[in-house]
Amino acid sequence: KAREKTSSSMCGVHFAHYIVAAGSNFLSTVFAKKISLIARTGSAPSRWRNVLMVMLEKKMGCALVGKLRAILLKEADGNFHSGVMFGGRMMDRAREIGLIPEEQIAERQCTAEDGVFQKILMHDYARLKRSAYSVVSADAANCYDRVNHIILALLLWALGMPQGPLAAMLVTIASMKYYLRTGFGESRDYMGGDRSRQRMHGLNQGNRAASHCWSIVSA
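Bear in mind the structure is a predicted one, so any value in this text is a computation, not a measurement.

**Description of helix H2 (residues 25-41)**
Phase 1: When the terminal C-alpha atoms of H2 are compared, their 24 Å separation across 17 residues agrees well with the 24 Å that a helix rising 1.5 Å per residue should span.
Phase 2: Here H2 has its buried residues at Ile-35, Ile-38 and Ala-39. The buried residues of H2 all sit within an arc of 100 degrees when viewed along its axis, so they share a single face. Residues of H2 that are exposed and angled more than 90 degrees away from the buried face: Asn-25, Phe-26, Lys-33, Leu-37, Arg-40 and Thr-41.
Phase 3: Among the structural elements, helix H3 (76-96) and helix H6 (163-174) are those in contact with the buried residues of H2.
Phase 4: Trailing H2 by a residue or two, Gly-42 shows a phi angle of about 75 degrees, which is positive.

**Topic: the pattern of salt bridges**
Phase 1: Following the criterion strictly, the structure yields 6 salt bridges and no others.
Phase 2: With a closest N to O distance of 2.4 Å, Asp-77 and Arg-47 form a salt bridge. Taken as a pair, Asp-77 in helix H3 and Arg-47 in the loop between H2 and strand E1 (50-57) lie far apart in primary sequence, 30 residues in all.
Phase 3: Here Glu-186 and Arg-181 are joined by a salt bridge, their closest N and O atoms 2.7 Å apart.
Phase 4: According to the relative accessible area criterion, Glu-186 is partly exposed, its value standing at 46%.
Phase 5: Counted as one network, the salt bridges with shared partners bring together Lys-34, Arg-47, Glu-75 and Asp-77.

**Some details on the state of the cysteines**
Linking two cysteines covalently via their sulfur atoms produces the bond known as a disulfide.
Phase 1: Under the criterion given, the structure shown has 0 disulfides.
Phase 2: Counting only cysteine sulfurs, Cys-143 is the nearest neighbor of Cys-213, a cysteine outside any disulfide, at a range of 12 Å.

**As for the packing of aromatic side chains**
Phase 1: Using the criterion set out here, one finds 3 aromatic pairs in the structure.
Phase 2: Taking 5.3 Å as the distance between ring centres and 50 degrees as the angle between the ring planes, the aromatic pair formed by Tyr-18 and Phe-31 counts as tilted. Taken together, the positions of Tyr-18 in helix H1 (residues 15-21) and Phe-31 in helix H2 put the pair 13 residues apart, joining distant regions of the chain.
Phase 3: Between Phe-31 and Phe-80, the aromatic rings sit 5.4 Å apart at their centres with planes inclined by 50 degrees, giving tilted as the arrangement. Pair noted here: Phe-31 is in helix H2 and Phe-80 is in helix H3, with a separation of 49 residues, a long-range link.
Phase 4: Exposure remark for Phe-31: the relative accessible area of 21% places this residue in the partly exposed category.

**Some remarks on the packing of helix H5 (residues 149-158) against helix H7 (residues 210-218)**
Phase 1: Contact geometry of H5 with H7 gives a least axis separation of 10 Å together with a crossing angle of 85 degrees. Relative to H7, the element H5 lies roughly perpendicular. Of the residues in H7, those in contact with Leu-152, Leu-155 and Leu-156 of H5 are Cys-213, Ile-216 and Val-217.

**Quick notes on a nonpolar patch on the surface**
Phase 1: Together, Phe-26, Leu-27 and Val-30 make up a nonpolar patch on the protein surface, roughly 300 Å² of accessible area in all.
Phase 2: As for its placement among the helices and strands, Phe-26 is situated in helix H2.
Phase 3: For Phe-26, a relative accessible area of 61% puts it in the exposed group.

**Here's the deal with the nonpolar core**
Phase 1: Counting 28 residues, the largest nonpolar core has Phe-86, Met-90, Leu-156, Met-169, Leu-203, Cys-213 and Ile-216 as its most contacted members.
Phase 2: Of all the secondary-structure elements, those providing two or more residues to this core are E1, H3, H5, H6 and H7.
Phase 3: By residue number, the principal contributor to this core is H3, which donates 5 residues.
Phase 4: What Phe-86 contacts, discounting residues up to four positions off in sequence, is Met-91, Leu-156, Met-161, Pro-165, Leu-166, Met-169, Ala-209, His-212 and Cys-213.
Phase 5: Of all hydrophobic cores here, the second largest spans 6 residues; its members include Ile-71, Leu-73, Tyr-179 and Tyr-190.

**What about the environment of Gln-104?**
Phase 1: Mapping Gln-104 onto the fold places it in the loop between H3 and helix H4 (112-129).
Phase 2: The buried category is assigned to Gln-104, whose relative accessible area is 19%.
Phase 3: Separated by 87 residues in sequence, Gln-104 and His-17 place their C-alpha atoms 36 Å apart.
Phase 4: Leaving out residues up to four positions away in the same chain, Gln-104 has contacts with Ser-215, Ser-218 and Ala-219.

Conventions and cut-offs
- Residues numbered from 1 in each chain as written.
- Predicted model: local features only at pLDDT ≥ 70, side-chain atom pairs only at ≥ 80, totals over all residues.
- Heavy atoms only, no water.
- Helix = DSSP H or I, 4+ residues; strand = E, 2+ residues; numbered from the N terminus.
- Expected span 1.5 Å × (residues − 1).
- Buried < 20%, exposed > 50% of the residue type's maximum accessible area, 1.4 Å probe, protein only.
- Arc of directions from axis to C-beta.
- Contact = heavy atoms within 4.5 Å.
- Salt bridge = Lys/Arg side-chain N within 4 Å of Asp/Glu carboxyl O.
- Disulfide = S-S within 2.5 Å.
- Phe/Tyr/Trp six-rings, centres within 6.5 Å; stacked < 30°, edge-to-face > 60°.
- Axes fitted to C-alpha atoms, helices over the stretch in contact; angles between N-to-C directions.
- Parallel < 35°, antiparallel > 145°, perpendicular 65-115°, else oblique.
- Patch = residues over 30% accessible without salt bridge, like charges linked within 9 Å, V, L, I, M, F, W, Y side chains within 5 Å.
- Areas by Shrake-Rupley, 256 points an atom, 1.4 Å probe, with all protein chains shown as cover.
- Core = buried A, V, L, I, M, F, W, Y, C linked by side-chain atoms within 4.5 Å.

Given below as structure tokens:
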């Protein structure tokens, strides 16, 4: 379902390759076994640690550095692994045991309009009951970057998430090498990785598991 023009994977194996491979039973089986082996052992390929950072305009025509959004282009198969393990199975489990509160409506097939409509209904309900009611509009700024891996790992273990997928994602993020793409090309040097004295936390902008993990932390 990915768009072929979407940039991904510094190694050169991009979405178009996986779309073609999906048409082959043999290649699909090989790919599935590779992802399964990584999830069971927690040993991710070293190339998953190489990510390309691009700065996108939040507001059209405004190229001020402080107003740009940093997005990471991760390896396509690594992002697929995160999406399947954390985006699908983990969230299904969290809803099954009742961890996700009713007011957190971010789930499949829900839109921003659904959230606005729910807020209107809550207003009407409070008005009819004549009960105290308040709404706070708060932007959780940089929320993905502020997630602590230890807290997240404990929460996901409590949900029954195996150690393998956790290690594959969190250890990779902790030792990630960040390359930069600009209008002049891609950098040969990087920041982070083995040069960093401190291990990185957070979930990465562009990680398919980031929104789901944030939902668990905030819940």
